[in-house]
Amino acid sequence: MIPDLSHDRIDRLRDAFHSAGYDADGVVELLGAEAHAALGRGEPVPALRATADAGSLGTLVRLFLLGEAESQAAVAAALDPLPVSEATAAGLVVTDGDRLRAGLDIRPHGVGDESWWVVSDLDSDLRGGRPVEADHVLGVGHASLSLVRATSRRPVDSVLDLATGCGVQALHASAHAQRIIATDVSKRALALAEATFRLNRVDVELAAGEWFDPVRGRKFDQIVCNPPFVVGPARTDFTYRDSGLAGDDASALVVRQLPSFLNEGGTGQLLASWVHRDGEDWQDRVSRWLPPSGGVDAWFVQRDIADPALYVGTWVRDAGYDPRSPQGRRKAAEWLDWFGANDVIGIGFGFVTLRRTDGRGEVVCEDLRHAFDDPLGPESEQWLRRVDWLRGHDSAAALLAARLVTADSTVLEAVSEPGDEGWNPLVHRLHRTDGPGWQHEIDELGVRLLAGCRGALPIGELLELLAMGYGEDADDLTRAAIPMVRELVRHGMLLPAEWTGGDR
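Residues numbered from 1 in each chain as written. Predicted model: local features only at pLDDT ≥ 70, side-chain atom pairs only at ≥ 80, totals over all residues. Heavy atoms only, no water.

The name given to the chain in an unreviewed UniProt entry is Methylase of polypeptide subunit release factors, with Saccharopolyspora phatthalungensis as the source organism. Reading the Sequence similarities (unreviewed entry) entry of the UniProt record for the chain gives the comment "Belongs to the eukaryotic/archaeal PrmC-related family." (UniProt positions renumbered as here; feature names shortened; annotations may be inferred.)

Chemist: In this structure, what is going on with the side chain of Thr-357? I would like to understand it.
Modeler: Within the element layout of this structure, Thr-357 appears in the loop between β12 (344-356) and β13 (363-367). Filtering out sequence-adjacent residues up to four positions away, Thr-357 remains in contact with Glu-264, Gly-295, Val-296, Asp-297 and Arg-391. (Helix = DSSP H or I, 4+ residues; strand = E, 2+ residues; numbered from the N terminus. Contact = heavy atoms within 4.5 Å.)

Chemist: Would you mind going over the UniProt feature "domain: DUF7059" (unreviewed entry) in the chain with me for this structure?
Modeler: Following the UniProt record, the feature "domain: DUF7059" (unreviewed entry) maps to residues 19-102 here. The span residues 19-102 carries 60% helix and 12% strand; its end-to-end C-alpha distance comes to 19 Å.

Chemist: So what exactly am I meant to see when it comes to the sheet that holds strand β3 (residues 99-102) here?
Modeler: Within a sheet, adjacent strands bond to each other through the backbone by hydrogen bonds, running parallel or antiparallel. Reading across the sheet, the three strands line up as β1-β3-β2 and stay open at both edges, with antiparallel pairing between neighbours. Every interior strand has two partners, whereas the edge strands, β1 (70-71) and β2 (93-96), have only one. Where β2 and β3 come together, four bridges link them in antiparallel fashion. Within β3, the residue paired with Thr-95 across the bridge is Leu-100. Of the strands in this sheet, β1, β2 and β3 touch helix α4 (residues 55-65), which is tilted by about 65 degrees from β3. (Pairing = 2+ DSSP bridges. Axes fitted to C-alpha atoms, helices over the stretch in contact; angles between N-to-C directions.)

Chemist: Got a minute to help me understand the UniProt feature "domain: Methyltransferase small" (unreviewed entry) in the chain in this structure?
Modeler: On the UniProt side, "domain: Methyltransferase small" (unreviewed entry) is annotated at positions that read residues 143-235 here. The span residues 143-235 carries 29% helix and 27% strand; its end-to-end C-alpha distance comes to 21 Å.

Chemist: For this particular structure, what's the right way to read the sheet that holds strand β9 (residues 220-225)?
Modeler: As summarised here, the arrangement of the eight strands in space is β8-β7-β6-β9-β10-β12-β11-β13, forming an open sheet in which the pairing is mixed. A strand with exactly one partner marks an edge of an open sheet, and here the two such strands are β8 (205-208) and β13. Across the sheet, the mean angle separating the axes of adjacent strands is 20 degrees when strand polarity is ignored. Where strand β11 (residues 296-306) meets β13, five bridges bridge the pair, whose relative direction is parallel. In the strand pairing of β13, Phe-300 is matched with Cys-365.

Chemist: It is not clear to me how the environment of Gly-42 should be interpreted in this structure. Could you clarify?
Modeler: Mapped onto the elements, Gly-42 comes out in the loop between α2 (24-40) and α3 (45-50). For Gly-42, a relative accessible area of 58% corresponds to the exposed category. In the structure, Gly-42 is positioned 24 residues away from Leu-66 in sequence and 9.3 Å away in space, judged by C-alpha atoms. (Buried < 20%, exposed > 50% of the residue type's maximum accessible area, 1.4 Å probe, protein only.)

Chemist: Help me understand the packing of helix α16 (residues 444-452) against helix α18 (residues 474-490), please; the structure alone is not making it clear to me.
Modeler: Each pair of packed helices can be described by the angle between their axes along with the distance between the axes. Look at α16 against α18: their axes get within 11 Å of each other, and the N-to-C directions meet at 65 degrees. Viewed along their axes, α16 and α18 form a crossing whose handedness is right-handed. Here α16 contributes Leu-445, Gly-446, Leu-449 and Leu-450 to the contact with α18, which in turn contributes Leu-477, Met-484, Val-485 and Leu-488. Broken down by class, the residue content of the contact of α16 with α18 amounts to seven nonpolar, one polar and no charged. (Left-handed = near helix turned anticlockwise from the far one by under 90°. Nonpolar A, V, L, I, M, F, W, Y, C, P; charged D, E, K, R; others polar.)

Chemist: Can you walk me through the nonpolar core in this structure?
Modeler: A general tendency of soluble globular proteins is for nonpolar side chains to be buried together. Counting 59 residues, the largest nonpolar core has Tyr-311, Trp-335, Phe-339 and Leu-494 as its most contacted members. Ranked by residue count, the leading element in this core is α18, at six residues. Within the second largest apolar cluster, 55 residues are counted, among which are Ile-10, Leu-31, Ile-180 and Val-204. (Core = buried A, V, L, I, M, F, W, Y, C linked by side-chain atoms within 4.5 Å.)

Chemist: Looking at this model, I keep getting lost on the side chain of Glu-366. Mind explaining?
Modeler: Along the chain, Glu-366 falls in strand β13. An unpaired buried charge is present at Glu-366: no salt bridge exists, and Arg-490, the closest side chain of opposite charge, is 6.5 Å distant. At a separation of 2.8 Å, a polar atom in the side chain of Glu-366 contacts the side chain of His-491. Filtering out sequence-adjacent residues up to four positions away, Glu-366 remains in contact with Trp-282, Gln-283, Trp-299, Phe-300, Val-301, Gln-302, Trp-383, Trp-438, Glu-487 and His-491. (Lys, Arg positive; Asp, Glu negative; His and termini not counted. Salt bridge = Lys/Arg side-chain N within 4 Å of Asp/Glu carboxyl O. Polar contact = N/O pair within 3.5 Å; in protein donor to acceptor, adjacent residues only side chain to side chain.)

Chemist: When you look at a nonpolar patch on the surface in this model, what are you seeing that I'm missing?
Modeler: Judged by side-chain polarity, Leu-457, Leu-465 and Met-468 come together as a nonpolar surface patch covering roughly 300 Å² of accessible area. A relative accessible area of 63% places Met-468 in the exposed class. (Patch = residues over 30% accessible without salt bridge, like charges linked within 9 Å, V, L, I, M, F, W, Y side chains within 5 Å. Areas by Shrake-Rupley, 256 points an atom, 1.4 Å probe, with all protein chains shown as cover.)

Chemist: Is there a simple way to think about the packing of aromatic side chains in this case?
Modeler: For any pair of aromatic rings, the description consists of the separation of the ring centres together with the inter-plane angle of the planes. Throughout the structure, instances matching the rule amount to 18 aromatic pairs. The interplanar angle of 65 degrees and the centroid separation of 5.8 Å between the aromatic rings of Trp-338 and Phe-339 together place this pair among those described as edge-to-face. Taking relative accessible area as the criterion, Trp-338 reaches 17% and is therefore assigned buried. Taking the relative accessible area as the measure of exposure, Phe-339 reaches 1% and is therefore buried. (Phe/Tyr/Trp six-rings, centres within 6.5 Å; stacked < 30°, edge-to-face > 60°.)

Chemist: Where do I start with the domain arrangement of the chain in this structure?
Modeler: The parts lose accessible area when they come together, and the size of an interface is often stated as this lost area. We note that the domain assignment places domain 1 (1-102), domain 2 (129-376) and domain 3 (393-499) within the chain. Placing a centre on the C-alpha atoms of domain 1 and another on those of domain 2 gives a separation of 31 Å. Where domain 1 packs against domain 2, one counts two salt bridges. Two residues, Arg-198 and Asp-11, come together in a salt bridge whose shortest N-O distance is 2.7 Å. Along the contact surface separating domain 1 from domain 2 lie five residue pairs in polar contact (both at pLDDT 80 or more). Residues belonging to the side of domain 1 that touches domain 2 are distributed by class as follows: seven nonpolar, one polar and two charged. (Domains from an automatic or database assignment.)

Rendered as structure tokens:
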């Protein structure tokens, strides 16, 4: 059943939240750093103590964040001017004996200076461990937050949030886009997303339908998508994660079709999963998803690889099933049987950045499985900028004529071992200290080359000087250096001098 979240009810709920101070800052201030951190770890007791005598704000925190049953009088005071009868009719709260519990998950969500409320369904923990429903609308989880951090925030006119769910990606898009359209196949998801947008006074056009069907014939400056990317049999147990397509066909569909809905120069960013099979390179697999006509820059970043048993166990628990229960065992067995029948040895997960271009597309697939702190969104924007620069310096002659500067964020690590005459160098490794923290091993001549990259001389002249100084053949040294230089530019360790202000 779809909750009746009328505009009037949502407007009154917004007034109640404002009056109580139920927002991201208010919750953090009430709980304090320690209790807030404990709540994030799933430990409610410190938060329960912090909210014991905190009036309406404490009631709302216990009701919506902790899943506690509260007295009718306390809830009535906290939700005023929305009557309890209206809140119950809307499904916002449900009766539990003579007390009330949350019927929906409504929680503050804030990043930086932006703060919103997000409406979604209760997860299995707040449902008393019961499995979620087939049309369950997921809240703000790790996957959606990772996409938020991986999305470029350059100002644009139009954004499409494909498979919007609770609407969190569209909320973030509202900070940099003039127009937003959000689509979903789930009518319940659209109802909760509409409540999210109304609660936050964010203007979003909503459309129902599968995949890109609701926006046929339209184009956008940016598309974001957190699709139902779970890999497995062709079934739909839960609309938020299962596409009804077998294997990784859902991710393939989005990657293949998305560029045709972009304006020239427009970008798309999505989460995706792909299977790993014996004898098949995952990079070749995902590259084949791209439109055969080309005209797309694509950056596939693999953040993790899960073995089938771990993958299945994670998603069985995600739906609220005990893996030891008969139903949990049956679902896990069916899933693992499918993986075995299809020779799946692992499931990759990561981010995809796409850009429509009228030129020859650049396609790069790489692993990025180490930990890093900086969001990937600014890096994706800079990656595309560096791709443009490299495309303009496609020939060896153009690259060798360029003046490059070693980025300030690039540091050198030298590893040596003790020897008879002191320390013997083993390896030199470049580290980028910001962004995704790229690393590259480099030889001694490479170290010397980067030391000379201060923007004063073209790369070609630096290589000639190195060849003379170390008795190397200049042509051989140049041929070996060009691929390394391109890779270091692509990863932001070497930058065009004109980007940095020139000579150093």
